[in-house]
Each structure stands twice: as C-alpha cells, then as structure tokens.
Amino acid sequence: MFKQSRRKIVAAILVMLVLVLFGTLCTIYLASYAQMTAENRRLLEQYVSSYTIPGSADAAPLASSTPPRPGARPEEPPMLELSTFYSVAIAKDGQVLKVDTADISTLSESTLTELARQILQSGRTDGVESHLIFRTADKGSYSLVAFLDNTLQRESAGTLIRYTLIFGGAALVVLFFLARYLADRIVAPLEESYQKQKQFVSDAGHELKTPVAVVNANVELLSRQIGENPWLANIRYENERMSALILQLLDLARAEQAAPPMGPLDLSRLVCGETLPFESVAYESGLALHSQIAEGLFVVGNGVQLKQLVSILLDNAIRHSAPGAQVRIALQKEKNQAVLSVTNEGDPIPPQQRDLLFERFYRTDAARTGEGGHYGLGLAIAKAIVTAHKGSIQVQCPEGAVEFIATLPLSR
C-alpha cells in the first residue's frame, strides 16, 4: 500500500515539475524564436524599402536610407549591414534586371531567379522558403523579391532544443531522486503510524485472549454450581462475541503482518473443496449455490489463507442474500491470472461505499453491530490475503447483483 503511495507521490511530483519545466522552456523558446523572426522581418523590410538597382538614377548608398532603430544605442552594431541578403529585381515584362547572390556560391543566380518567379506567381508578399525569409515589393518599373538567410536562426533554435533535451533529461534524473526523497519523507510518518496501529491490533488481540478464556471458564464453573440463569447466559453470549472478535483481529493481524509460507497449490481443487461445506449452509438458508470452477489452475500461495478467502466471500454472499435467491461462485483463467468471483442477488451497493467495504469495522448497515459474530473485519481480512498474494480484489454491482472479484497471479 505504501509502495503504491510512494509511486503516486513520485509520479505527481515529477509530472508537476516536468510540466513547469516544459512550459518554461517552451515559453522561452517561442519568445526567442518570435523575437528573432520579428527582427529578421524588420531587417528585411528595411532592406526592401532602401533597395535601388545600382547605377540607376535613384541609386543611393544603402546606409544613408536606413534610419536608426528607435531607442537603439549609438554603439549598437549595424545589423542591416551585418545580415546576409539576396535579391532579384524583375521588370514588368519579365526581364531579370538584377540578381544579388551576396557572393555566396551555395545559391546561384538561376536558383534565386526561379524561386523569385514562383513567389511572384503565387502572389505572396512575405513568408519562408526553405532557409530563406522573403519579402516582395513593387518598385514601380520592376518587382523586387528580397531574401534573408535564416540558417543561423534555425541552427540557433536547433542548438537550443538539443541542449534543452540534454540538460532537461539530466534535470529529470535529479528531480526523480529528489521526488523519491520527498515521497519517503511524506510517507514515513504515515507508515510508522500504520505499523503501530497493526501492532496494537495484534498485541490487543493476544492480550485479550487470556481474560476472555478466564471469563468463559468462570461462567462454566458458576453454571455448574448455581445452575443456568439469564445473567450467566448474557455473560456467556457476550463472551462468545468477544472471543469471535478477538479471533478475527488475530486473523487480520496475521494476514497483514506475517509473510505466510508460500508454495505451489491447485487453486481449482482448493476452491472446490472449500465450496462443498457451504452447499448445506446455503440450503438451510433457502438459497441455491451454483459453482463453475475451471480445472488445472495453479498458484503460488498459502493454502490456509486462500481457504479463508473463499470462506469469507461465500459467507458474505450467503448472509446478504434473501431466501430463494442464488449465489454463484466461479473460478476461471484470464490471461495469466486466476479470477475468483462470488456473486449474490441483492440491492446494489452505492458507489461511494464500495471502496469502504474493505476497511476495518465498516458495515453498509450501521445498525448492525456484531450481528451473527460479524464485525466488519471479514472483507478487510480478504483484502489483506489477496494483497499478500500480489493480487487484487474489487466489488462490482451488475443489475440486481453484487459481485466480489479476487484476482491472483497464476504460477508459471
């Protein structure tokens, strides 16, 4: 139980930390990428607005037509001159007037020209093609398609993602051990309290056995001397109830604390043998007990505890069935598990009470206090037995029935 709690705490801490870390890194990355893209588009727009074909009448130095960015410091590098631009000027009649490859051999004039023609035909004014950011402009007598190399930005983004994954993975490993440490610190007091509670139940059960036995012996002696009377009958009745409660407490303590000796056993034969005595009990209660037990199902477990598990589930089903109803017990194989189910006809249990059925001293009918020697410990013992055998138990309420399902791993 506490191992599962630790896992859940570790998982919850890791999920929260991962979400925070991932959200922070994504925000930083997207903000950086958006800022870099906006800066590149601004530079490209400046280049387009100041572009003139060299040698023409309106030609002017590039730097003179590039106004300083508002708020820029005097010592800020001239980003427009440091950036790599390509351009293609195409006349209205389709003649290529000027191609600027920035003296870079990776892009030929024919490649740039073909790309520029495709962009003009598409009607787009700006966008991204491969590693180039482009922008078009109508310069009157010709159309201009300008490009800005986006390779550095893409490589910077790739480097950022790569280092994010590397250091993020290392951080997750550190966070995992931190989460385990925090989970241990959180669960430790609860586990200590739970162990003390179980130890108290065991100690109290053992300590109460002696006075109960003494009271029972004294009642027997008094009944021989003074004969039977109502007061002695009351003492005997209450003493028997106390004795039954103590036995159940001890069974619960043994099921939860001590690791029972395990061995291979035929679960099919065990269930069949434990079902036979309950046929007469069901008959006396006016019930019909039907069994459907698959043969040859073997598990590694403790025979005494598994018999007690079957007995608890059958006894619970018979006690909560009205006369004339049917009780069904089935054992079947599902994948690598043995599934034991006990079903009785009756009113469905409310969903909010189903998880509480396996708690100690819990009863769906609070008015029943130890009726028939039952104190709400049977299902708690059943759950402890199933847990000790690395299985699970649950309750389902199909229409008009209540079904308890215990799942145990089959032996290999």
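Residues numbered from 1 in each chain as written. Predicted model: local features only at pLDDT ≥ 70, side-chain atom pairs only at ≥ 80, totals over all residues. Heavy atoms only, no water.

Enquirer: Outline the overall build of the protein chain, listing residues and values.
Expert: The helix and strand inventory of the protein chain stands at nine helices and 12 strands. Going through the 412 residues of the protein chain one by one, you find that 34% of them count as buried. For the protein chain, the share of sequence-separated contacts (at least 6 apart) that also reach a separation of at least 24 residues comes to 67%. Here the protein chain displays about 24,700 Å² of accessible surface, and carbon together with sulfur accounts for 58% of that area. (Helix = DSSP H or I, 4+ residues; strand = E, 2+ residues; numbered from the N terminus. Buried < 20%, exposed > 50% of the residue type's maximum accessible area, 1.4 Å probe, protein only. Contact = heavy atoms within 4.5 Å. Areas by Shrake-Rupley, 256 points an atom, 1.4 Å probe, with all protein chains shown as cover.)

Enquirer: I'd love a proper account of the sheet that holds strand β12 (residues 401-409), names of residues and values included.
Expert: Spatially, β7-β9-β10-β12-β11 is the arrangement adopted by the five strands of the open sheet, whose pairing is mixed. In this open sheet, the two edge strands, each paired with only one partner strand, are β7 (288-293) and β11 (392-396). Going across the sheet, the axis of each strand differs from the next one's by a mean of 15°, ignoring polarity. With five bridges connecting them, β11 and β12 associate as antiparallel partners. Directly across from serine 392, in β12, lies its bridge partner threonine 407. (Pairing = 2+ DSSP bridges. Axes fitted to C-alpha atoms, helices over the stretch in contact; angles between N-to-C directions.)

Enquirer: Break down helix α9 (residues 378-388) for me, citing the residues and quoting the values.
Expert: Of the residues making up α9, those classed as buried are Leu379, Ala380, Ile381, Ala382, Ala384, Ile385 and Val386. Lysine 390 sits one or two residues past α9 and shows a positive phi near 60°.

Enquirer: Describe empty space enclosed by the protein, listing the residues and the values that go with them.
Expert: Following the criterion strictly, the structure yields one cavity of 30 Å³ or more and no others. A volume near 30 Å³ is recorded for the largest cavity. Residue lining of the largest cavity: Leu267, Leu306, Leu309, Val310, Leu331, Leu340 and Leu408, and that is the complete set. Take the lining of the largest cavity: its biggest share by element is three residues, from helix α7 (residues 303-319). In the lining of the largest cavity, the residues fall into seven nonpolar, no polar and no charged. (1 Å grid on protein atoms, 1.4 Å probe; cavity = no way out; pocket = protein on both sides within 12 Å on 5 of 7 lines; lining within 4 Å. Points joined across faces, edges and corners; volume = space filled by probe spheres on them. Nonpolar A, V, L, I, M, F, W, Y, C, P; charged D, E, K, R; others polar.)

Enquirer: Give a detailed account of the packing of helix α6 (residues 267-284) against α7, specifying residues and quantitative values.
Expert: Two elements in contact, α6 and α7, have axes whose closest approach is 10 Å; the angle formed by their N-to-C orientations is 35°. α6 and α7 meet at a crossing whose hand is right-handed. Here Leu267, Leu270, Val271, Glu274, Thr275, Phe278, Val281 and Ala282 of α6 come into contact with α7, specifically with Gly303, Leu306, Lys307, Val310, Ser311, Leu314, Asp315 and Ile318. When grouped by side-chain class, the residues that make up the contact of α6 with α7 number 10 nonpolar, three polar and three charged. (Left-handed = near helix turned anticlockwise from the far one by under 90°.)

Enquirer: Provide a residue-level description of unusual backbone geometry, including the pertinent values.
Expert: Note: most peptide bonds trans; most residues except glycine with negative phi. One non-glycine residue with positive phi stands out, namely lysine 335, at about 60°. By secondary structure assignment, the location of lysine 335 is in the loop between β9 (326-334) and β10 (337-345). When its relative accessible area of 79% is taken as the criterion, lysine 335 is described as exposed. A positive phi angle, close to 60°, is found at lysine 390, a residue other than glycine. Here lysine 390 shows up in the loop between α9 and β11.

Enquirer: Provide a residue-level description of the nonpolar core, including the pertinent values.
Expert: Counting 47 residues, the largest nonpolar core has Leu267 and Leu306 as the members making the most contacts within it. Where this core is concerned, the elements lending two or more residues are α5 (230-256), α6, α7, β9, β10, α9, β11 and β12. Among the elements that line this core, the one with the most residues is α7, at eight residues. Apart from the residues lying within four places of it in its own chain, the contact partners of leucine 267 are Leu297, Phe298, Val299, Leu306, Leu331, Ala338 and Leu408. (Core = buried A, V, L, I, M, F, W, Y, C linked by side-chain atoms within 4.5 Å.)

Enquirer: Any details on the sheet that holds strand β1 (residues 85-91)? Residues and values, ideally.
Expert: Spatially, β2-β1-β5-β4-β3 is the arrangement adopted by the five strands of the open sheet, whose pairing is antiparallel. Lying at the two open borders of the sheet, with one neighbouring strand each, are β2 (96-100) and β3 (126-129). This sheet shows a mean twist of 20° between the axes of neighbouring strands, independent of strand direction. Across four bridges, β3 lies against strand β4 (residues 132-138) in antiparallel orientation.

Enquirer: Any chance you could break down the packing of α7 against α9 for me, citing the residues and the numbers?
Expert: Their axes nearest at 9 Å, the elements α7 and α9 cross at an angle of 145°. Crossing geometry of α7 relative to α9 is assigned as left-handed. Each of Gln305, Leu306, Gln308, Leu309, Ile312, Leu313 and Asn316 in α7 lies in contact with α9, whose residues at this interface are Gly378, Leu379, Ile381, Ala382, Ile385, Val386 and Ala388. Split by residue class, the contact of α7 with α9 holds 10 nonpolar, four polar and no charged.

Enquirer: Now, about the pattern of salt bridges: what can you tell me, with residues and values included?
Expert: Taken as a whole and assessed by the stated rule, the structure comprises five salt bridges. With a closest N to O distance of 2.7 Å, arginine 42 and glutamate 39 form a salt bridge. Placement of the pair is arginine 42 and glutamate 39 together in helix α1 (residues 2-50), with a separation of three residues, close to one helical turn. Among the residues examined, glutamate 39 registers a relative accessible area of 22% and is labelled partly exposed. Residues aspartate 138 and lysine 92 are paired through a salt bridge, measuring 2.9 Å at the closest nitrogen-oxygen approach. Here the residue aspartate 138 occupies a position in strand β4, and lysine 92 occupies one in the loop between β1 and β2, the gap between them amounting to 46 residues. No difference in accessibility class separates aspartate 138 from lysine 92, as the two residues are exposed. (Salt bridge = Lys/Arg side-chain N within 4 Å of Asp/Glu carboxyl O.)

Enquirer: Tell me about the side chain of threonine 343, residues and numbers included.
Expert: Looking at the secondary structure, you find threonine 343 in strand β10. Excluding its chain neighbours within four sequence positions, the residues that come into contact with threonine 343 are Gln326, Val327, Arg328, Ala401, Val402 and Glu403.

Enquirer: I'd love a proper account of the pairing of β12, names of residues and values included.
Expert: In terms of residue burial, β12 counts as a mostly covered element, since eight of its nine residues are buried. As paired strands, β10 and β12 are joined by nine bridges and run antiparallel to one another. Bridge pairing in β12 places threonine 343 opposite glutamate 403. Hairpin connection from β11 to β12: four residues lie between these consecutive antiparallel strands, with glycine 400 at a positive phi of about 75°.

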